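Here are the chains, one letter per residue:
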Amino acid sequence: MRTKVVIIGSGPSGLLLGQLLTNAGIDNVIVDRVGKEHILSRVRAGVLEEGTVGLVDRAGVGERLHREGLPHDGFSLTFDGRDHRIDLFDLTGGKRVMVYGQTELTRDLIERRERDGGVVIYDAVNVVPSGFDGDHPHVTFEKDGVTQRIDCDFIAGCDGFHGASRKAVPEGAIKTFEKIYPFGWLGILADVPPVNHELIYANHPRGFALCSMRSETRSRYYVQCSLDDKVEMWSDDRFWDELRRRLPAHHAEVMVTGPSFEKSIAPLRSFVVEPMRFGRMFLVGDAAHIVPPTGAKGLNLAASDVYYLIEGLLEHYQEKSDAALDAYSARALSRVWKAVRFSWSMTTLLHRFPDTGDFGQKIQEAELDYLTHSRAASTAMAENYVGLPY
Ligand code: FAS
Ligand code: PHB
């Protein structure tokens, strides 16, 4: 088989890139190691920057997002029993974010690809990108016990943190930066109305909590937990009690609780590789970087990577120039590192760290008190939260 671009990974970055290539008439094939059902069973991000929404619109897949997504003009920070709204719309001169689950965005992208007759090879085993340091890149894999090979012009490694593309890069050609946080997030989904019409990021001596949503009838909640915790240690009752303890009384008292239908623990890390291009292979999204979800940047960084890469691929095929492809890694990393910094700062500000104790809590509360009473500091937070320019 031969195509122009092989995309490894059928998550949001792979599907978005594939749709933009298809719309431009550039042949592409997506290969994933799992099936569609597995991909759609994942519960992940919930907040989309305007840049991400714009790219989804450009791909022609934004109809349900605009119909069902929830535009948010602000969010709340709670600490020391108080509640402060960060007015994104006012502080950024009219920008906002869209609350729309990554699972639904992925579903929209999959359905559009299927309608267009786009090729996705699911359940591919032992996917290996090769030849990307030369002029004959190709991807091999087994499917139904048969080894297959796809020759191509370029490979897009959209295969996430645990994927094959980054691992195929020779050790000496890649530099890794990593920070592991000493806690995780326990998240649930429940069909109960959200406690607040906007997100609440809670700093509390017992630990961080986040009140988010997927719709006006479906809530997404998180509490900071120990890395030693297991999901089975957290009954719904324990979760709801702990969540309410970490919120100011006026929120805790009105919280509607109910049975969770999804419960999972995610570890938190900051991770970046440099560069993000290796000859004819480009790393995209979580394959190249991971951020703690505190700043809601993971999915949005995958989108800006796709933006920079599609610009390069269109220029290559339509204008016979490689300037934008040559600039991909530097452009993407410039925005990645700013988002990694922001996600680290939000995580450091809001979580309970075992080694800083009560002093650390007081420092966080002082910073939050300053931040919520300083237009300059709130503006800096708001500009980063809505997403810095591409
Ligand atoms: P993805 O990981 O989404 O997709 C990679 C795809 O590649 C998968 O379909 C996988 O099956 C496939 N793949 C992997 N290895 C392969 C191989 N060897 N061969 C072929 N295919 C392979 N971000 C937020 O902004 N907010 C959140 O709350 C949030 N919560 C998260 C919770 C969890 C548990 C995780 C893991 C991530 C979370 N993220 C969150 C980040 C997440 O949303 C990512 O940023 C987003 O999924 C990135 O999309 P992709 O780069 O497409 O990678
Ligand atoms: C979510 O809704 O899953 C969500 C929202 C904001 C975040 C992280 C996760 O910062």
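By convention here, each chain's residues receive numbers from 1 onward along its written sequence. Each chain is given a letter, starting from A, and each ligand a number, starting from 1, according to the order in which they appear as written. The model is predicted, so local features are restricted to residues of pLDDT at least 70 and side-chain atom pairs to those at 80 or more, both for listing and for counting; the totals for chains, interfaces and linings are taken over all residues. Calculation of side-chain values draws on the structure's entire complement of heavy atoms; hydrogens and water are dropped beforehand.

The protein goes by 4-hydroxybenzoate 3-monooxygenase in an unreviewed UniProt entry, where it is assigned to Rhizobium rosettiformans.

Time to look at the UniProt feature "domain: FAD-binding" (unreviewed entry) in the protein. UniProt positions are given in the numbering used here, feature names are shortened, and annotations may be inferred rather than shown by experiment. The UniProt record marks residues 2-343 with the feature "domain: FAD-binding" (unreviewed entry), using the residue numbering of this structure. Along residues 2-343 the backbone is 32% helical and 31% strand, and the end-to-end C-alpha distance reaches 40 Å. A run of H or I in DSSP counts as a helix once it spans at least four residues, and a run of E counts as a strand once it spans at least two, with each numbered from the N terminus.

Turning next to helix 7 (residues 236-245). Count 3.6 residues to each turn of an α-helix, and residues three or four apart come out pointing the same way. Every buried residue of helix 7 is listed here: Phe239, Trp240, Glu242 and Leu243. With its buried residues spanning 165° around the axis, helix 7 presents them on a single face. We call two residues contacting when some pair of their heavy atoms lies within 4.5 Å. Among the structural elements, strand 13 (175-190), strand 15 (209-213) and strand 16 (219-225) are those in contact with the buried residues of helix 7. Residue burial is assigned from relative accessible area. The probe radius is 1.4 Å, only protein chains are included, and a residue is buried under 20% of its type maximum, exposed over 50%, and partly exposed in between. It is the directions from the helix axis to the C-beta atoms that the arc portrays.

Another point: the environment of Val120. For Val120, the position within the fold is in strand 8 (residues 119-121). Expressed as a C-alpha distance, the spacing of Val120 and Arg44, which sit 76 residues apart in the sequence, is 21 Å. Leave out the neighbours within four places in its chain, and Val120 touches Ser10, Ile30 and Arg113.

Any two strands with at least two DSSP-identified bridges between them are counted as paired. Pairing within the open sheet is antiparallel, and its three strands lie in the order 9-10-11. Single-partner strands in this sheet number two, and they are strand 9 (125-130) and strand 11 (146-151). Across the sheet, the mean angle from the axis of one strand to that of its neighbour is 15°, orientation sign disregarded. As judged from the four bridges shared by strand 9 and strand 10 (residues 138-143), these two strands associate in the antiparallel manner. Across the sheet, residue Val125 finds its bridge partner in strand 10, namely Glu142. To obtain each axis, a line is fitted to C-alpha atoms, and for helices this fit is confined to the stretch in contact; angles are then taken between N-to-C directions over 0 to 180 degrees.

Pairing is mixed in the open sheet, where eight strands are placed in the order 6-5-14-15-16-13-17-20. In the strand order of this sheet, the two ends are held by strand 6 (82-87) and strand 20 (289-290), each with one partner. Note: strand 17 (residues 260-274) against strand 20, two bridges, orientation antiparallel. Considered in strand 20, the bridge of Val272 is made with His289.

Pairs were defined over the aromatic rings of Phe, Tyr and Trp, the Trp ring being its six-membered one, requiring ring centres within 6.5 Å. Orientation was assigned from the angle between planes: stacked under 30 degrees, edge-to-face over 60, tilted for the rest. Taken as a whole and judged by the stated rule, the model has 18 aromatic pairs. Their ring planes at 85° and their centres at 5.2 Å tell us that Phe177 and Trp337 sit as a pair that is edge-to-face. Linking Phe177 in strand 13 with Trp337 in helix 10 (residues 323-350), this pair joins segments that are 160 residues apart in sequence. On the basis of relative accessibility, which here comes to 26%, the residue Phe177 falls in the partly exposed class. On the basis of relative accessible area, Trp337 is assigned to the partly exposed category, the value being 31%.

Along its 28 residues, helix 10 runs 41 Å from first to last C-alpha, staying within 8% of the 40 Å computed at 1.5 Å per residue. Helix geometry: helix 10 is bent most strongly at Ser329, by close to 35°. One less than the residue count of a helix, multiplied by 1.5 Å, gives the span that helix is expected to have. The angle separating two fitted axes, one through the seven residues that finish at a residue and one through the seven that start at it, defines the bend at that residue.

Next up on the list: the site of ligand 1. Residues are counted as near a molecule or strand when any one of their heavy atoms sits within 4 Å of it. Lining the immediate environment of ligand 1, one finds 30 residues, of which Ser13, Asp32, Arg42, Arg44 and Gln102 sit closest. Any N or O atom pair separated by 3.5 Å or less is treated as a polar contact, with the protein-specific requirement of one donor-capable and one acceptor-capable atom, and with residues adjacent in sequence counted only for side-chain atom pairs. Arg42 is positioned such that a nitrogen or oxygen atom in its side chain is 2.9 Å from an oxygen atom of ligand 1. Here an oxygen atom of ligand 1 and a backbone polar atom of Leu299 are 3.1 Å apart. Each accessible area value is a Shrake-Rupley result obtained with a 1.4 Å probe; residue values ignore everything except the protein chains displayed when judging cover. Burial of ligand 1 by the protein amounts to 86% of the accessible area it has alone, namely 1000 Å². At the level of elements, helix 1 (12-23) and helix 9 (298-319) are the ones that each hand at least two residues to the shell around ligand 1.

Moving on: the layout of surface pockets. Taken as a whole, the second largest pocket spans an internal volume of roughly 300 Å³. Around the second largest pocket, the lining comprises 16 residues; the ones closest to its centre are Thr103, Glu104, Leu189, Arg214 and Arg218. Those elements giving two or more residues to the lining of the second largest pocket turn out to be helix 2 (36-41), helix 4 (63-68), helix 6 (102-116) and strand 17. The class makeup of the residues in the lining of the second largest pocket is five nonpolar, four polar and seven charged. Cavity: a set of points on a 1 Å grid over the protein atoms alone where a 1.4 Å probe fits but cannot get out. Pocket: an open set with protein on both sides within 12 Å along at least five of seven lines, its lining residues, like those of a cavity, having an atom within 4 Å of a point. Grid points are joined across faces, edges and corners, and a volume is the space filled by probe spheres set on the points. Ten residues, namely Ala, Val, Leu, Ile, Met, Phe, Trp, Tyr, Cys and Pro, are considered nonpolar, four, namely Asp, Glu, Lys and Arg, are considered charged, and the remaining ones, Gly among them, are considered polar.

Here we come to the pairing of strand 10. Two elements, strand 10 and strand 11, share six bridges in a ladder whose sense is antiparallel. Within strand 11, the position partnered with Lys143 by the bridge is Val146. In this antiparallel pair of consecutive strands, strand 10 and strand 11, the connection spans two residues, and Asp144 shows a positive phi of 55°.

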